[in-house]
Amino acid sequence: MFGLKTPELLIIFAALLLLFGATRLPQLGKSLGSAIRNFKKGISPDDDEEQAADSPPNNKAAANKKLEAETSTSASEVSSSKISSKD
């Protein structure tokens, strides 16, 4: 790995531990991982669009939109039935 052996990696890890502290180091790793993941998504958006078109959406926003559409449809059906019953 870049010509680094175990002692060099331990020294780098110890320096990072001293700079950022034990509590902050996992947060840095997590944010670095998510940054790399987002960077990879940004490079290849074609694959994500194809997968999104093939699979149904599983997020809350899509579920809320679907629920709102169903609710507005049923509300318009109720109001149209009330109008037709008055005639």
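**Here we look at the overall build of the protein**
- Helix and strand counts for the protein come out as four helices and zero strands.
- If you list the helices and strands of the protein from N to C, you get α-α-α-α.
- Among the 87 residues that make up the protein, the fraction classed as buried is 1%.
- Split by element, the accessible area of the protein, about 7900 Å² in all, is 63% carbon and sulfur.

**Here's the deal with a nonpolar patch on the surface**
- A cluster of nonpolar side chains, contributed by Phe2, Leu4, Leu9, Ile12, Leu16, Leu19 and Phe20, occupies part of the molecular surface with about 700 Å² of accessible area.
- As for its placement among the helices and strands, Ile12 is situated in helix 1 (residues 6-20).
- Residue Ile12 is classed as partly exposed on the basis of its relative accessible area, which comes to 42%.

**Considering helix 1**
- Here helix 1 contains 15 residues, and its C-alpha end-to-end distance of 21 Å stays within 8% of the 21 Å for a straight helix at 1.5 Å per residue.
- Residue Gly21 follows helix 1 closely and has a positive phi angle near 85°.

**Points about the confidence of the model for the protein**
- In this model, the protein carries a mean pLDDT of 74, and residues with pLDDT of at least 70 account for 53%.
- Per-element confidence in the protein is highest for helix 2 (residues 25-43), whose mean pLDDT is 92, and lowest for helix 3 (residues 45-54), whose mean pLDDT is 59.

Each value, and the rule that gives it
- Residues numbered from 1 in each chain as written.
- Predicted model: local features only at pLDDT ≥ 70, side-chain atom pairs only at ≥ 80, totals over all residues.
- Heavy atoms only, no water.
- Helix = DSSP H or I, 4+ residues; strand = E, 2+ residues; numbered from the N terminus.
- Buried < 20%, exposed > 50% of the residue type's maximum accessible area, 1.4 Å probe, protein only.
- Areas by Shrake-Rupley, 256 points an atom, 1.4 Å probe, with all protein chains shown as cover.
- Patch = residues over 30% accessible without salt bridge, like charges linked within 9 Å, V, L, I, M, F, W, Y side chains within 5 Å.
- Salt bridge = Lys/Arg side-chain N within 4 Å of Asp/Glu carboxyl O.
- Expected span 1.5 Å × (residues − 1).
- pLDDT = per-residue confidence, 0-100.

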